[in-house]
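Report on the structure
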Amino acid sequence: MDFVLEEAGDIVFRLNMLGQILFANRRSAGLFGRGKELDGQPILSLISDLDQAAMKSTMAESVLAKGAVRVEVRLKSPERDIWYELRISVYPNAARAYEVLVVGRDMTDQHATEERLRHMATHDALTELPNRLLLSDRIRMTIAQARRSGQGFAVATIGLDSFKKVNDGLGHPIGDAVLRMAAQRLRKTLRDSDTLARVGGDEFVAVLPGTYNEAQIKLVTGRLLATLQSPFEVDQHTIYVGASVGVSVYPQHAEDEVRLVAMADAAMSRAKETGKARCIVYSPRHGGPPEHDISLEAAMFQAVREGEFLLYYQPIVNARTREIEGFETLMRWKHPSLGMVPPARFVPIAETNGLINLLGAWALKSACVQLKQFEEVAKRPLYISVNISPRQFRNDKFLDVLDDAISFSGLPGEKLVLEITEGTLMIDPVHAETILSKMADRKARIAIDDFGTGYSSLAYLKRFPISVLKIDRTFIRDLPASEKDAAICNAVLDLAKHLDLSVVAEGVETEEQYAHIEQRGCQYIQGYLTGKPMAAHTALAALKERTYASLMPGEHTQVVQ
Ligand code: C2E
Ligand code: CA
Ligand code: CA
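Reference entry: report on the structure contained in this document.

Basis of the calculations
- Residues numbered from 1 in each chain as written.
- Chains lettered and ligands numbered in written order.
- Predicted model: local features only at pLDDT ≥ 70, side-chain atom pairs only at ≥ 80, totals over all residues.
- Heavy atoms only, no water.
- Near = heavy atom within 4 Å.
- Polar contact = N/O pair within 3.5 Å; in protein donor to acceptor, adjacent residues only side chain to side chain.
- Areas by Shrake-Rupley, 256 points an atom, 1.4 Å probe, with all protein chains shown as cover.
- Helix = DSSP H or I, 4+ residues; strand = E, 2+ residues; numbered from the N terminus.
- Nonpolar A, V, L, I, M, F, W, Y, C, P; charged D, E, K, R; others polar.
- Donors = N, O, S within 2.8 Å, 3.2 Å for Na, K, Ca; no water.
- Buried < 20%, exposed > 50% of the residue type's maximum accessible area, 1.4 Å probe, protein only.
- Salt bridge = Lys/Arg side-chain N within 4 Å of Asp/Glu carboxyl O.

What to know about the site of ligand 1
Lining the immediate environment of ligand 1, one finds 20 residues, of which Arg 332, Asp 449, Arg 473, Glu 509 and Tyr 528 sit closest. The contact in question runs from a nitrogen atom of ligand 1 to an N or O atom on the side chain of Gln 314, over 3.0 Å. Within the side chain of Arg 473, a nitrogen or oxygen atom sits 2.8 Å from an oxygen atom of ligand 1. Isolated, ligand 1 exposes 800 Å² of accessible area, and the fraction of that covered by the protein chains is 83%. Elements supplying a minimum of two residues to the shell around ligand 1: strand 14 (324-335) and strand 18 (445-451). By residue number, the principal contributor to the shell around ligand 1 is strand 14, which donates 4 residues. Per-class residue counts for the shell around ligand 1 are 7 nonpolar, 6 polar and 7 charged.

Some details on the coordination of the calcium ion (ligand 3)
Every protein donor of the calcium ion (ligand 3) is listed here as Asp 449 (OD), Asp 450 (OD), Glu 506 (OE) and Glu 506 (OE), and their distances to the metal cover 2.2 to 2.5 Å. Every donor residue of the calcium ion (ligand 3) comes from the same chain, spaced as D-D-x55-E. Exposure remark for Asp 449: the relative accessible area of 8% places this residue in the buried category.

Some remarks on the pattern of salt bridges
Throughout the structure, instances matching the rule amount to 25 salt bridges. With a closest N to O distance of 3.8 Å, Glu 257 and Arg 140 form a salt bridge. Linking Glu 257 in helix 9 (residues 257-273) with Arg 140 in helix 5 (residues 132-149), this pair joins segments that are 117 residues apart in sequence. Relative accessible area serves as the criterion here: at 17%, Glu 257 is assigned to the buried category. For Arg 140, a relative accessible area of 44% translates into the label partly exposed. Where Glu 433 meets Arg 463, a salt bridge forms, and the shortest distance between an N and an O atom there is 3.0 Å. Note that Glu 433 is positioned in helix 16 (residues 429-441) and Arg 463 in helix 17 (residues 459-463), a separation of 30 residues in sequence. A relative accessible area of 41% means that Arg 463 is categorised as partly exposed. If you follow the salt bridges from partner to partner, you end up with Glu 328, Glu 419, Lys 470 and Glu 506 in one network.

Function cannot be read off these values alone, since they describe shape.
Dropping the structure here:
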């Protein structure tokens, strides 16, 4: 047997029941660079100190279970720790004594990929600063600390004053350079314990623990303003930008993260309105965080009664053949005087007042029925993808709604893809696991929407029965020029391959983006290039002709039959 193990591509050890090495194959000996010395050593001596406990308990488990168990650990190799997945099994040898077999697979690349993705999900690609997601984490942490210490802190929103002019006048590359330099300057004026995040095109937010009284705030914001006052030198241009700053203070102005930022924003707007290049501390006179539009909300209830909501369908095409394989259902509100109200405006309101449950149930059922008709016309199998909001997902009637849609339409569950975001899963992972497994019982597939923009843990991809990742539009937009975005897309495709998931690239608008992502193995494309969201009758026409050329300018979109 040792002869066979010797040739294995993985690392292999045989151990006695005390965990001492009886045999190590060539590959593992090479890895540790110590030749035959491995014999007789405890296996634990090869495991990183950080993973000793995990290794010990897994070994004990395998001995007790007399079966195979797995553990991911770091091995102490001479140069650096490397990640391995070890399969540990106990078996009787020829002499009927028990031995332990350890087979290890190199996971270092996968860990590096996950690490990269985690970083990308929480940082802004241009400046490497934390993004809004990490900012919100940091503010919550700072609130918790402030509660314990009884000491307040300030949140400062910093908006560049004339950035738009730079971008429009001198072009994006120079604009980007200015943003990077501004980020560096701001970072330098702050302490290590302060957080600086980039939250929008030309907007930064600083969280300043321990800074709460007027004098301190004046000092810090004075430095922030000053550092952006001095000109930026880029490519022989001397660029003056300047900034306005708004400040809110915990706990005087607000005690939660969302309102703190909104109040600092309100103060910053005030600073811009009153002459720019200044700092204003929030005061109730500046108006609070925008309460959502009350009149729009009232109109929504009316709209439900009047049937003003409708569904659009956006083709999802096979990247290789450009043939339509399915559609994503997108909700629209046709308001009698406002015209088409986009979901970005009304879905958040419906989410807060619960109307989304009603609208979502209607969308799901209608989409299932609609797909039957699409298939009849297309004369081939298609699938339908429907967005499920966090509140819908949490609603205890959700599975009934799903069953109703499936039984009413007669659509087999496997033709249904339910799109949820990472955030939806993370609100209550235990509950999510139950619901997802029940969805899987109904054969419905799960897609992670806006992948890469949400939660920073990837462990859930293994834990939950997920079939599809939808790469968010923001990572596609600047392809192929943006190396960072290209790296993100590669990492996602890589990860999906490892975990056997399909990938849909969202927001593909150009042939260049299409070619780039298709060449790297992305199976599905959804975007304006291959079809905008369209009314059902237009989608039917597209299916009939098996071409999207009539829907879009240019001949390049002709379907290959
Ligand atoms: P989403 O789920 O990420 O949907 C994709 C959005 O990207 C759609 O915006 C679509 O029109 C847009 N899009 C697709 N291809 C392109 C492209 O090539 N370029 C650009 N710039 N945009 C593209 P839409 O329809 O405005 O929907 C916005 C969001 O509203 C959706 O984002 C989704 O989160 C939500 N939503 C829409 N319909 C529903 C629904 O029925 N239920 C729920 N819960 N949410 C919905
Ligand atoms: Ca979606
Ligand atoms: Ca999306």
